[in-house]
Amino acid sequence: MTFEKFIFYVLAFVLIAAASMVITRRNPVHSALFLILAFVASSGIWLLAEAEFLAITLVLVYVGAVMVLFLFVLMMLDIDVATLRAGFMKVLPLGVLMMLAMVAELVFVVGPQNFGLEKFAAPARHAADYSNTAELGSVLYTVYMFPFEVAAVILLVAIIAAIGLTMRKRPETKYQNPTKQVAVKRADRVRMVKMETEKG
Amino acid sequence: MHFDSSILIPVLPEIFVLTLACIVLVVDLFLKDEQRIITYGITQIGLIFAAVITLAVVQPDAQIVFDGSYVRDAMSDVLKVAIYLVSFVAFLYAKDYLKDRGLFKGEFYTLGLFAVLGMSIMVSANSFLVIYLGLELLALSLYALVAFNRDSKQGAEAAMKYFILGALASGMLLYGISMIYGATGTIRFDELSTALASPDLNNMVLVFGLVFVVVGLAFKFGAVPFHMWVPDVYHGAPTAVTLFIGSATKIAAFALAVRILKDGLGELLMPGGWEGWQGMLILLAILSMGVGNLIAIAQTNIKRMLAYSTISHVGFILLGILAGTQEGYTAAMFYTLVYAIMSLGGFGMVIAMSRKGFEAESLDDYKGLSHRSPWFAAMMLLLMFSMAGVPPTVGFFAKLFVLDAVVSVDLTWVALVGVFFSIIGAFYYIRIIKLMYFDKPLDDSPLTAGMDTRIVLSLNGLSVLALGMFPAGLLSICTAAFAG
């Protein structure tokens, strides 16, 4: 076993273990932390596959930004795990049955007989100065320009939808008005009081 | 690198709708609440312009631009114009409803236009990537629209269900797409059909991917057994949004199915009998017609009833697609367009019957409508007869063409099942007519719908009759869409 293969198996094991922890933990914060581990492990696998840019993006975007926000939300919400788990045992047999069927199908189809090395040869290794960021960039705005623009519109819709659904005008909320704060004069805030000196 | 700007011409409708949506978004920021009618006006005029532009860029031949991402052909022209016009009518009906409930805000039109853009992109997609992005654009806008009435618990619940099941369906679709990509090495529909024609392909992986793709499609269509979200979403969403989801998006769902199943995976119609998508679609169609029609009978809420009726109509649309012939696709397209018109009218009536502080959602609210407003009772009569498939309304011809296409590919038993279930389905449509004409009204207040709604609703009802008398025009448009 080459060292690279060894690394792959270690990362794959960590990934699968972390992923199963995500769905079995009772505490959602623990699940989220294991999800971060799963992201890191899969970004390692991507590095092995020479997709360096995607690997670093996965860590930066998902671990750095998305999961932090996610943890933030989880800690702000008071999630009652007991009610969520109330119907769990009742649907468990059906779920396990479905899972076994899916896993069997997956093993049957996505196995070496259909996707083995003799069907798809391993890709050639790229030279050390090969930049897959440049490769991605060169197709992103040419071949995939149209899908790229559509994806941008989807992000815009997400912003509009999120603001539209959550922004409420509450008259009772206190907020600061920067314009007023900046324009304030000394006379508005400070009142000089002439006091007589105390005698005695 | 050279950029040929003439490739932008076929994409003009999408560019226009996107610009329109952004203009509406910005203009609306500067309007006061009482000026909101301007947002509405810009949206409506824009949609008409979008339809005109679509017609203006029509070319006799199909054009594939943006390195195979985008296709403009006869089918996309027809479906886009239909989507723009149906959305126009849906927004028109929605206006008074939104005004009465304090929901008359710019976001409705912004999100609505983005949904229209998403549908347009789906109609013109030539690769799995683009069709998926179009679908997500549509779905994301719709999730927000379903939850548009933030004070309604039902709306929030419906949006949540829609969101989770929609995400699940997208996951299925993507997984299937990845399998198909693994087997063929392409995601472009035109390349896919050539790749599939080669004999040394791995059928097992393809069929596995196909199953997931069809399941994803069925979720989006709302076909049984993936229909659970339909009644809840139709019921929980504001009627103005239900109207939009029930009409325009069905056209997009049809485009989604045809692009993927015909343009992309047409070669997989039936490799070895039931293994291809025909067998799966037969199951979906029969279950949809059966479950949709039977459960609709038990409903007392008209929005839920129309939701189950949608499921049964989806069964009929799938029936046309599964024939897999040019005749079948034409019939399915005819059915989809007709269904969009009928659904607009049906939900339009629900809106016209409602007023401030009162939702005409119960079937009992339709009792004695003929005393309160004989004209609108007559319109509802036409729409219900058309949904049931009674001649001379156009619903009859829509069903007839679909059944004819199915019989001509020797699936007579499927056609018979379809007829059987539509006879059962006729019961609940005709029950509404009985309530309107033979029962005493619960309240005698006249309808309060505005003049624009009245006029368009009348045209909508009459169009069902007119198209039924002269179906040849619409049929020839549909035939031309799949010719050659």
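Up top is the structure.
Scoring rules and cut-offs
- Residues numbered from 1 in each chain as written.
- Chains lettered and ligands numbered in written order.
- Predicted model: local features only at pLDDT ≥ 70, side-chain atom pairs only at ≥ 80, totals over all residues.
- Heavy atoms only, no water.
- Helix = DSSP H or I, 4+ residues; strand = E, 2+ residues; numbered from the N terminus.
- Buried < 20%, exposed > 50% of the residue type's maximum accessible area, 1.4 Å probe, protein only.
- Patch = residues over 30% accessible without salt bridge, like charges linked within 9 Å, V, L, I, M, F, W, Y side chains within 5 Å.
- Areas by Shrake-Rupley, 256 points an atom, 1.4 Å probe, with all protein chains shown as cover.
- Salt bridge = Lys/Arg side-chain N within 4 Å of Asp/Glu carboxyl O.
- Contact = heavy atoms within 4.5 Å.
- Buried area = accessible area lost by both parts, 1.4 Å probe.
- Polar contact = N/O pair within 3.5 Å; in protein donor to acceptor, adjacent residues only side chain to side chain.
- Nonpolar A, V, L, I, M, F, W, Y, C, P; charged D, E, K, R; others polar.
- 1 Å grid on protein atoms, 1.4 Å probe; cavity = no way out; pocket = protein on both sides within 12 Å on 5 of 7 lines; lining within 4 Å.
- Points joined across faces, edges and corners; volume = space filled by probe spheres on them.

### What to know about unusual backbone geometry
The phi torsion of most residues other than glycine is negative, and most of the peptide bonds are trans. All names here are of chain B. The amide bond that connects Val224 to the next residue, Pro225, takes the cis arrangement and shows omega of 5°. Tracing the chain through its elements places Pro225 in the loop between helix H8 (203-221) and helix H9 (229-236). The omega torsion of the bond from Pro391 to Pro392 falls at 5°, within 30 degrees of zero and hence cis. For Phe66, which is not a glycine, the phi torsion comes out positive at approximately 55°. With respect to the helices, strands and loops of the structure, Phe66 is situated in the loop between strand E1 (63-65) and strand E2 (70-72). Accessibility expressed as a relative area gives 7% for Phe66, which makes it buried.

### Some thoughts on a nonpolar patch on the surface
All names here are of chain A. Together, Trp46, Phe53, Leu54, Ile56, Leu60, Val61, Tyr62, Val66 and Leu136 make up an exposed nonpolar region whose accessible area comes to about 770 Å². No other element matches helix H3 (residues 52-76), which puts seven residues into the nonpolar patch. By the secondary structure assignment, Leu54 is in helix H3. A relative accessible area of 39% places Leu54 in the partly exposed class.

### Structural notes on the interface of chain A and chain B
With 30 residues of chain A in contact, the opposing surface of chain B contributes 36 residues. Roughly 2800 Å² is buried in total at the junction of chain A and chain B, and carbon and sulfur atoms are behind 81% of that figure. Viewed at the interface, chain B and chain A are joined by zero salt bridges. At the junction of chain A and chain B, the tally comes to three residue pairs in polar contact (both at pLDDT 80 or more). Mapped by element, the contributors of at least two residues to the side of chain A that touches chain B are helix H5 (88-109), helix H6 (112-115) and helix H8 (145-166) of chain A. Here the element with the most residues in the side of chain A that touches chain B is H8(A); it accounts for 15 residues. Split by residue class, the side of chain A that touches chain B holds 23 nonpolar, four polar and three charged.

### Section: the pattern of salt bridges
Residues and elements named next belong to chain B. Scanning the model with the defined rule gives 18 salt bridges over all chains in all. In this structure, Arg36 and Asp28 form a salt bridge, with 2.7 Å as the shortest nitrogen-oxygen distance. One salt bridge connects Asp77 with Arg72, and the closest N-O pair in it is separated by 2.9 Å. With respect to class, Asp77 is no different from Arg72; both count as buried. Taken together, the shared-partner salt bridges in this structure form one network comprising Asp73, Arg259, Lys262 and Asp263.

### A short note on the layout of surface pockets
Roughly 1900 Å³ of internal volume is contained in the largest pocket. Along the wall of the largest pocket there are 44 residues; nearest its centre are Trp46(A), Leu54(A), Leu129(B), Tyr132(B) and Leu174(B). At the level of secondary structure, the elements contributing two or more residues to the lining of the largest pocket comprise H3, helix H7 (132-140) and H8 of chain A together with helix H5 (128-146) and helix H6 (153-184) of chain B. When residues of the lining of the largest pocket are assigned to their parent elements, the largest contribution, seven residues, is made by H6(B). Residue composition of the lining of the largest pocket, by class: 29 nonpolar, eleven polar and four charged.

### Considering empty space enclosed by the protein
All names here are of chain B. Going through the model one piece at a time under the given rule, you end up with four cavities of 30 Å³ or more. Counted as a void, the largest cavity has a volume near 220 Å³. Lining of the largest cavity is provided by 18 residues; of these, Leu135, Leu138, Tyr162, Lys220 and Trp229 occupy positions nearest its centre. Contributions of two or more residues to the lining of the largest cavity are made by H5, H6, H8 and helix H10 (239-264).

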